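Below, each chain spelled out in residue letters.
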Amino acid sequence: MTRRTERIGEQLRAVLAQLLREELADPRLAPLTITLTRVDVAPDLSQALVYWSAFDRKAEGPDDAASAERIDGAGEALAHAAAFLRRRLSQEVDLRRVPALEFRRDASLELGARTLDLIRRVNDGE
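Here we summarise the structure given alongside this text. Please read these numbers as outputs of a predicted model, since none were measured by experiment. (Residues numbered from 1 in each chain as written. Predicted model: local features only at pLDDT ≥ 70, side-chain atom pairs only at ≥ 80, totals over all residues. Heavy atoms only, no water.)

Topic: the overall build of the protein chain
Within the protein chain, the regular secondary structure consists of four helices and three strands. Shown N-terminal to C-terminal, the secondary structure of the protein chain runs as helices and strands in the order α-β-β-α-α-β-α. In terms of its C-alpha atoms, the protein chain occupies a principal-axis envelope of roughly 55 × 35 × 20 Å. Considering the protein chain as a whole, with its 126 residues, one finds that 36% of them fall into the buried category. Summing over all exposed atoms, the protein chain offers an accessible surface of approximately 8,100 Å²; the carbon and sulfur share of this is 49%. Averaging the locations of the 20 positively and 22 negatively charged side chains of the protein chain gives two centres separated by 7 Å. (Helix = DSSP H or I, 4+ residues; strand = E, 2+ residues; numbered from the N terminus. Buried < 20%, exposed > 50% of the residue type's maximum accessible area, 1.4 Å probe, protein only. Areas by Shrake-Rupley, 256 points an atom, 1.4 Å probe, with all protein chains shown as cover. Lys, Arg positive; Asp, Glu negative; His and termini not counted. Charge placed at Lys NZ, Arg CZ, Asp CG, Glu CD.)

A short note on the environment of Ala-83
With respect to the helices, strands and loops of the structure, Ala-83 is situated in helix 3 (residues 82-92). Considering only alpha carbons, one finds Ala-83 and Glu-102, 19 residues apart in sequence, at a separation of 9.9 Å.

Considerations on the nonpolar core
Ranked by internal contacts, the top residues of the largest apolar core, which has 30 residues, are Leu-12, Trp-52, Leu-85, Leu-89, Leu-101 and Phe-103. Going through the elements one at a time, helix 1 (3-22), strand 1 (32-41), strand 2 (47-56), helix 2 (65-80), helix 3 and strand 3 (100-105) are the ones with two or more residues in this core. Per element, the largest residue contribution to this core is six residues, and it comes from helix 1. (Core = buried A, V, L, I, M, F, W, Y, C linked by side-chain atoms within 4.5 Å.)

Looking at the side chain of Asp-106
With respect to the helices and strands, the residue Asp-106 is situated in the loop between strand 3 and helix 4 (108-124). Here Asp-106 occupies a buried position and makes no salt bridge, while the nearest side chain of opposite charge, Arg-38, is found at 4.4 Å. A polar contact of 2.9 Å, which involves the side chain of Asp-106, links it to the side chain of Ser-108. If we skip the residues at most four places from it in the chain, Asp-106 touches Thr-37, Arg-38, Tyr-51, Trp-52 and Ser-53. (Salt bridge = Lys/Arg side-chain N within 4 Å of Asp/Glu carboxyl O. Polar contact = N/O pair within 3.5 Å; in protein donor to acceptor, adjacent residues only side chain to side chain. Contact = heavy atoms within 4.5 Å.)

What about the packing of aromatic side chains?
Considering all chains together, one arrives at zero aromatic pairs under this definition. The cationic tip of Arg-38 hangs over the ring face of Tyr-51; the distance from NZ or CZ to the ring centre is 3.9 Å. (Phe/Tyr/Trp six-rings, centres within 6.5 Å; stacked < 30°, edge-to-face > 60°. Lys NZ or Arg CZ within 6 Å of the ring centre and 35° of its normal.)

Notes on the pattern of salt bridges
Here the structure, examined in full by the defined rule, presents nine salt bridges. With a shortest N-O distance of 3.9 Å, Arg-120 and Asp-117 are connected by a salt bridge. Here Arg-120 pairs with Asp-117, and both are found in helix 4, just three residues apart, close to one helical turn. A relative accessible area of 48% places Arg-120 in the partly exposed class.

Encoded structure:
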């Protein structure tokens, strides 16, 4: 990845995060906090892989099945909104070609939280 594509990826991530917060009103996203972790842009700007992570504010624990369903629903909602978000990006970002968006779940934040929970349990003697 070149410095140019990194810079464009970061710009797209910032604008997409704002659009998610302010303009996307999908009920599947309502109980979740969505974080866009990074955007990898193809060198020809034809495609952008948008990595996201979700925190479920209604989760009852790390193994909550309903929470997993809500997070899966968020992936579907983001995929459904890709065309709308691309159209809005074309209005907000000064690029000749706005890349097609593909959303992929990034589980690294969730795995980190789970690891910290396990460490906390070991330290507490559970």
